[in-house]
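Here is how the chains run, residue by residue.
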Amino acid sequence: MNTFTKELNDIEFNKLSSFIYSNYGIKMPYAKKSMLQARLQSRLRETGKETFKEYCDHVFSSSDDLELVHMIDVVSTNKTDFFREAAHFDFMQSVILPEYKEEQSGETMNIWSSACSSGEEVYTIAMAIEEFLEDKKRFNYSIHGTDISSRVLQKAQNGVYQEERIANIPMALKKKYFLRSKLRENPKVKVVKELIQKTSYQRLNLMDPSYNVHKIFDVIFCRNVLIYFDRKTQEEVINKLCTHLKPNGYLFLGHSESITGINVPLKQLKPTIYRKATN
């Protein structure tokens, strides 16, 4: 009986890392070889491949698009939290939402979380809007979440999280926007259906030549994903995002990201907060 030879050699690593970077924009330096090997072990088991060479041959020579989806699911990093970078949501409530409420004429406010991971960002946006609208005349809104990983998108659609994930959310918001399971072991919470109904989800690769989304958005979040791209790719991604952003619409980046020195139609308002030019 053959035993699995699950060592990733340098040739296979270089092929995989080049492919992942070219197609998904995720930088995979040699220092991450062990991490890539560990993450892809499960794909060898699932596909019945005994070596990384067999797996590489399968991925690169077949038309198995589904395996590419599975591969990027285990390779991509999906770190996120509720109310991560809280200043962005404060800005929404103090500037963007009052402005929209004043100017809107019955249209739906459309927001895009372009690297939404497992949905924490999407539902934080929804909570921020609901809290703003609590004692005011309501307007309709919709939040579209996209991510490269189909695995985390399924979690976002379900809106179910380990209870510890909401530990830092104020109690008043927990009571209002989450339902707690009755399980004492491994307790979970579920986002209330009123928020889930405001959301939609779609698998999308920010490296695609164009984005298959059919709305023009008032606000786009693209936080903590550009750090994985080189400067040229960052410029291309932001410009593609801007084609789906209304004139005077807002773009949020992550705390360690910047558009300094790249050619994009945006004006900086605050660190990591930008507005699209009107001409």
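To be clear, the structure that these remarks concern was listed above.
To start, this report covers the structure provided alongside it. (Residues numbered from 1 in each chain as written. Predicted model: local features only at pLDDT ≥ 70, side-chain atom pairs only at ≥ 80, totals over all residues. Heavy atoms only, no water.)

**Topic: the side chain of S17**
In this structure, S17 sits in helix α1 (residues 10–24). Side-chain polar atoms of S17 contact the backbone oxygen of N14, separated by 3.2 Å. (Helix = DSSP H or I, 4+ residues; strand = E, 2+ residues; numbered from the N terminus. Polar contact = N/O pair within 3.5 Å; in protein donor to acceptor, adjacent residues only side chain to side chain.)

**Overview of the sheet that holds strand β7 (residues 217–222)**
Strand order across the open sheet formed by seven strands is β6-β2-β1-β7-β8-β10-β9, with mixed pairing between neighbours. Edge positions in the open sheet fall to β6 (199–203) and β9 (266–270), since each of these has one partner strand only. Each strand of the sheet is rotated relative to its neighbour by a mean of 20°, with strand direction disregarded. (Pairing = 2+ DSSP bridges. Axes fitted to C-alpha atoms, helices over the stretch in contact; angles between N-to-C directions.)

**Notes on the packing of helix α5 (residues 87–103) against helix α6 (residues 120–133)**
Between α5 and α6, whose axes approach to 10 Å, the crossing angle comes to 55°. The orientation of α5 relative to α6 falls into the category oblique. In the packing of α5 onto α6, the handedness of the crossing is right-handed. Residues F89, M92, Q93, L97, P98 and K101 of α5 lie in contact with α6, whose contacting residues are T124, I125, A128, I129, E131 and F132. (Parallel < 35°, antiparallel > 145°, perpendicular 65-115°, else oblique. Left-handed = near helix turned anticlockwise from the far one by under 90°. Contact = heavy atoms within 4.5 Å.)

**Some words on the packing of aromatic side chains**
Taken as a whole and assessed by the stated rule, the structure comprises twelve aromatic pairs. Ring geometry for F82 versus F178: centroids 5.6 Å apart, planes at 90°, classification edge-to-face. One end of the pair, F82, is in the loop between α4 (65–75) and α5; the other, F178, is in strand β4 (residues 178–180), and 96 residues separate them in sequence. With respect to class, F82 is no different from F178; both count as buried. Ring geometry for W112 against Y211: centres 6.0 Å apart, planes inclined by 85°, an arrangement best described as edge-to-face. With W112 in strand β1 (residues 109–113) and Y211 in the loop between β6 and β7, this residue pair connects regions lying 99 residues apart in the sequence. By the burial criterion, W112 is buried, and Y211 matches it. In this structure an aromatic cluster arises from ring pairing among F83, F89, F91, F221, Y250 and F252. Over the face of the ring belonging to Y141 we find K198, whose NZ or CZ atom lies 4.8 Å from the ring centre. (Phe/Tyr/Trp six-rings, centres within 6.5 Å; stacked < 30°, edge-to-face > 60°. Buried < 20%, exposed > 50% of the residue type's maximum accessible area, 1.4 Å probe, protein only. Lys NZ or Arg CZ within 6 Å of the ring centre and 35° of its normal.)

**Description of helix α3 (residues 52–61)**
In an α-helix, one full turn covers 3.6 residues, which means residues spaced three or four apart are oriented alike. What α3 keeps buried is the set F52, Y55, C56, H58 and V59. Projected down its long axis, α3 shows its buried positions confined to an angular sector of 160°, all on one face. (Arc of directions from axis to C-beta.)

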